[in-house]
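Here's the letter readout for the chains.
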Amino acid sequence: MSSARDQRPSEATLGFLRDAFPPQWRLPALGHVAVETWEAENEVALPEPYRTFVAEISNGSPFGPAGEDGLQPLGHLPDAWPVLRPRMPGQPFPLEEAWYWSEDPNTDYEDPRIDAAFHDGSIVLGSEGGESFWLLLTTGPRRGEVWMVAQDAALPAPGDPAWGFEEWVRRWHIGRDWWY
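Residues numbered from 1 in each chain as written. Predicted model: local features only at pLDDT ≥ 70, side-chain atom pairs only at ≥ 80, totals over all residues. Heavy atoms only, no water.

Right, let's get into the sheet that holds strand E1 (residues 122–128). Read from one edge of the open sheet, 4 strands run E1-E2-E3-E4, paired in antiparallel fashion. The sheet is open, and its two edges are formed by E1 and strand E4 (154–156), each paired on a single side. On average, each strand axis in the sheet is tilted by 30° relative to the strand beside it, whichever way the strands run. As paired elements, strand E2 (residues 132–137) and strand E3 (residues 146–150) share 5 bridges and run antiparallel to each other. Paired with Leu 135 across the bridge in E3 is Trp 147. Lying on the sheet, helix H4 (residues 112–119) is in contact with E2, E3 and E4; it crosses E3 at an angle near 130°. (Pairing = 2+ DSSP bridges. Helix = DSSP H or I, 4+ residues; strand = E, 2+ residues; numbered from the N terminus. Axes fitted to C-alpha atoms, helices over the stretch in contact; angles between N-to-C directions. Contact = heavy atoms within 4.5 Å.)

Two numbers describe how helix H2 (residues 32–42) lies on helix H3 (residues 50–57): the axes approach to 8 Å, and their chain directions differ by 135°. Considering the angle they form, H2 stands oblique to H3. Contacts between H2 and H3 involve His 32, Val 35, Glu 36 and Glu 39 on the former and, on the latter, Arg 51, Val 54, Ala 55 and Glu 56. For the contact of H2 with H3, the per-class residue count stands at 3 nonpolar, 1 polar and 4 charged. (Parallel < 35°, antiparallel > 145°, perpendicular 65-115°, else oblique. Nonpolar A, V, L, I, M, F, W, Y, C, P; charged D, E, K, R; others polar.)

The next subject is the packing of aromatic side chains. For the coordinates displayed, the defined rule picks out 13 aromatic pairs. When the centroid spacing of 6.2 Å and the interplanar angle of 50° are considered together, the rings of Trp 25 and Trp 172 count as tilted. Residue Trp 25 is located in the loop between helix H1 (11–20) and H2, and its partner Trp 172 is located in helix H5 (residues 165–173); the two are separated by 147 residues in the primary sequence. Residue classification places Trp 25 among the partly exposed residues on the basis of a relative accessible area of 26%. When its relative accessible area of 21% is taken as the criterion, Trp 172 is described as partly exposed. On the basis of an interplanar angle of 70° and a centroid distance of 5.1 Å, the ring pair of Trp 99 and Trp 101 is categorised as edge-to-face. Residues Trp 99 and Trp 101 agree in their burial class; the two are buried. Linked through ring pairs, Phe 21, Trp 25, Tyr 50, Phe 53, Phe 63, Trp 134, Phe 165, Trp 168 and Trp 172 together constitute an aromatic cluster. (Phe/Tyr/Trp six-rings, centres within 6.5 Å; stacked < 30°, edge-to-face > 60°. Buried < 20%, exposed > 50% of the residue type's maximum accessible area, 1.4 Å probe, protein only.)

With respect to the helices, strands and loops of the structure, Tyr 100 is situated in the loop between H3 and H4. Judged by its relative accessible area of 39%, Tyr 100 is partly exposed. Taking the C-alpha atoms as reference points, Tyr 100 and Ala 150, 50 residues apart in sequence, are found 9.5 Å from one another. Residues contacting Tyr 100, with those up to four places away along its chain left out, are Asp 152, Ala 153 and Leu 155.

So, on to H3. With 7 of 8 residues buried, H3 lies mostly within the body of the structure. For H3, every residue scored as buried is listed here: Tyr 50, Arg 51, Thr 52, Phe 53, Val 54, Ala 55 and Ile 57. Where H3 is buried, its residues contact H1, H2, E1, E2 and H5.

Across soluble globular proteins, you tend to see nonpolar side chains buried next to one another. The biggest cluster of nonpolar side chains holds 28 residues, and the ones touching the most others in it are Tyr 50, Leu 125, Phe 165 and Trp 168. The dominant element in this core, judged by the number of residues it contributes, is H3, at 5 residues. Contacts of Leu 125, omitting those with residues within four sequence positions, involve Tyr 50, Ala 66, Gly 70, Leu 71, Gln 72, Trp 134, Leu 135, Leu 136, Val 146, Phe 165 and Trp 168. Leu 95, Leu 137, Val 149 and Ala 154 belong to the second-largest nonpolar core, a separate cluster that totals 15 residues. (Core = buried A, V, L, I, M, F, W, Y, C linked by side-chain atoms within 4.5 Å.)

Following this line, the structure appears as structure tokens:
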């Protein structure tokens, strides 16, 4: 179910991802059949290079860019995740630009876009500080980008343009601050 626009990552990209997650940090890779099954069940194609990473290299890690819980296995949620309803990675992600709903005078916390920002069109990569969560967008025009969603906002990381999975891991791997 891989998207036609996604091509297999280069060997340089896969080599970097292998190096960033040493074997002792890796959870077992899922394999392509399991990834395809997950995609079919969730009606979505995972963006590359994340798709090949979980199929061939590692399905998560206790250490990694996401901080306290590490890189979550595909479909798993950090302990601090606010479970409001089931996640729907194949549904449209509701935003195309950063949105600080806590600062938007025309929005209240019952706005359905807030719930959708947490639950639709993404997978959860991990948490930061227990109240902010790294998402990899799986649908929409910003598909393949890493975003942060928190109790008061959703925004591309580190801004526009946003990083993809590889750049997000690279920043962590070299010890760079997320927002610079």
